[in-house]
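# Residue-level structure breakdown
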Amino acid sequence: MPKPLTVAVLAGAALLTRRALRRRVRVSPLWPLPALDPPTSGRPRSRALRLRVAARETVADGVVQLRLEGRDLPGWEPGAHIDLVLPSGLVRQYSLCGDPADTSSYTVATRLVEDGRGGSREVHEQVRVGAELEVRGPRNRFPLVEAPAYVFVAGGIGITPILSMLRALPEGVDWRLLYAGRTRESMPFLTEIEELGADRVTVVAGLPDLDGELADVAEGAVVYCCGPEGLMAAVAERFPDVRLERFAPRASSKGEAFELELRRSGRTLTVPADSTVLAAVRAELPNTLYSCEQGFCGTCQQRVLEGEVEHRDELLTDTERADSMLICVSRARSARLVLDL
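Scope of this entry: the structure provided in the associated data block. What you are looking at is a predicted structure, and each value in this text was computed from that prediction instead of being measured. (Residues numbered from 1 in each chain as written. Predicted model: local features only at pLDDT ≥ 70, side-chain atom pairs only at ≥ 80, totals over all residues. Heavy atoms only, no water.)

## With respect to the pattern of salt bridges
Cut-off, in case you're wondering: What counts as a salt bridge is simple: a side-chain nitrogen of Lys or Arg found within 4 Å of a carboxyl oxygen of Asp or Glu. Relative accessibility thresholds used throughout: buried, under 20% of the residue-type maximum; exposed, over 50%; partly exposed, between the two (1.4 Å probe, protein chains only).
By the definition in use, this model includes 20 salt bridges. Linking Glu134 and Arg136 is a salt bridge whose minimum nitrogen-to-oxygen distance equals 3.0 Å. The burial state of Glu134 is the same as that of Arg136; both residues are buried. Glu310 is paired through a salt bridge with Arg312; the nearest N and O atoms lie 3.0 Å apart. In this structure, a network of salt bridges that share partners links the residues Glu259, Glu261, Arg263, Glu306 and Arg336.

Structure follows, in structure tokens:
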């Protein structure tokens, strides 16, 4: 007879599968699997791989490419990403930009973000050839769908998922790409992309003229966009059905301070206007689970007993939002919130 923990793990996996099947969204965040959790957490686990960094190359100003080698690696399709567990324990998501037919390696690229949360800096400064990294996935929330024509818009490092799509397009299909970056030197894979179709690629160093460049999109064409939030928002204004993939959560105001009760723990605390519920909770309960801190993965989901929530996540359904929240990004609309913690 299965042990209680085994039953809980299987039930949790089934719940996640049902959730994925019923949610058909076009906005596709890089959705990481849970970070390394204590064995008593009872959460479902992904199959983790240990891959060796076989090659490390600077492919543009501030952009490093890693080739991670293994054996009989899970297959993937254009648009897929993997989760890297960095030596510090940080979990970051990177689009695959290698060859899907290669079952011996995964290739990713990351740009150094000076004012980021530390993941890109760790990759650039600490991850070297020979290092072993834990890898989870691949997962694909940004698939290439069949269409009569395609328009791709990429900003900077947002070219990584689109590169694999360009390579996979069937011969003769109508496509074009608008690729923008700060400078040509900062734009990875530029030479290869121009060789894929010089007459179909427009490269812009600086801010692109979206109205001019996207004025004559063919009827029935599918539009894909990946890059900075400002670029994606501008493209979405012009094409409501655009398919997006985000590398970071949407910018939002912090909100007001509010009182937070942790019912099972018997604690009441204040969540400051410039802090998150997750940060406030972990100050009291440091073992509280979390991973992406961007409202994408669901690791920090908690049951809400009282109060009104301002949901800022990219994951939960309306039904789930009725009695739960992702505490890494969502806040209280009411002056007081009670969690089942």
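## What about the pairing of strand S11 (residues 222–226)?
Put simply, the rule is: The numbering of helices and of strands both runs from the N terminus, where a helix is a DSSP run of H or I of at least 4 residues and a strand a run of E of at least 2. Paired strands, as defined in this entry, are two strands with at least two bridges between them according to DSSP. Here a crossover is taken to be right-handed if, once the strands point away from the viewer, the path from the first strand over the helix to the second is traced clockwise.
The buried fraction of S11 amounts to 5 of the 5 residues, a majority that puts the element mostly inside the structure. Here 5 bridges tie strand S8 (residues 149–155) to S11, and the two strands are oriented parallel to one another. When the sheet's bridge partners are listed, Val153 is paired in S11 with Cys225. Of the crossover connections in this fold, the one passing from S11 over helix H6 (residues 229–238) to the parallel strand S12 (residues 243–246) is right-handed.

## Quick look at empty space enclosed by the protein
The following threshold applies: Each cavity reported here is a set of points on a 1 Å grid over the protein atoms alone in which a 1.4 Å probe fits but cannot get out, each pocket an open set with protein on both sides within 12 Å along at least five of seven lines, and each lining residue one with an atom within 4 Å of a point. Grid points are joined across faces, edges and corners, and a volume is the space filled by probe spheres set on the points. For this classification, Asp, Glu, Lys and Arg are treated as charged, while Ala, Val, Leu, Ile, Met, Phe, Trp, Tyr, Cys and Pro are nonpolar and the rest, including Gly, are polar.
Taken as a whole and assessed by the stated rule, the structure comprises 1 cavity of 30 Å³ or more. The computed volume of the largest cavity comes to approximately 30 Å³. Taken together, Val64, Gln65, Leu66, Leu84, Tyr94, Val108, Ala109, Thr110 and Val123 form the lining of the largest cavity. Where the lining of the largest cavity is concerned, the elements lending two or more residues are strand S3 (63–69) and strand S6 (105–111). Taken together, the residues of the lining of the largest cavity sort by class into 7 nonpolar, 2 polar and no charged.

## Let's talk about the packing of aromatic side chains
The condition that has to hold: Each Phe, Tyr or Trp ring, with Trp reduced to its six-membered ring, pairs with another whose centre is within 6.5 Å; inter-plane angles below 30 degrees give stacked pairs, above 60 give edge-to-face pairs, and intermediate values give tilted ones.
Applying the stated rule across the entire model yields 3 aromatic pairs. Measuring from centroid to centroid gives 5.4 Å for Phe142 and Tyr224, while their planes differ by 80 degrees, and the two rings are edge-to-face. Of this pair, Phe142 sits in the loop between strand S7 (132–139) and S8 while Tyr224 sits in strand S11, placing them 82 residues apart in sequence. Each member of the pair, Phe142 as well as Tyr224, carries the same accessibility label: buried. A ring pair is formed by Tyr150 and Phe152, whose centres lie 5.8 Å apart and whose planes are at 10 degrees; its orientation type is stacked. Here Tyr150 and Phe152 have matching classes, each one buried.

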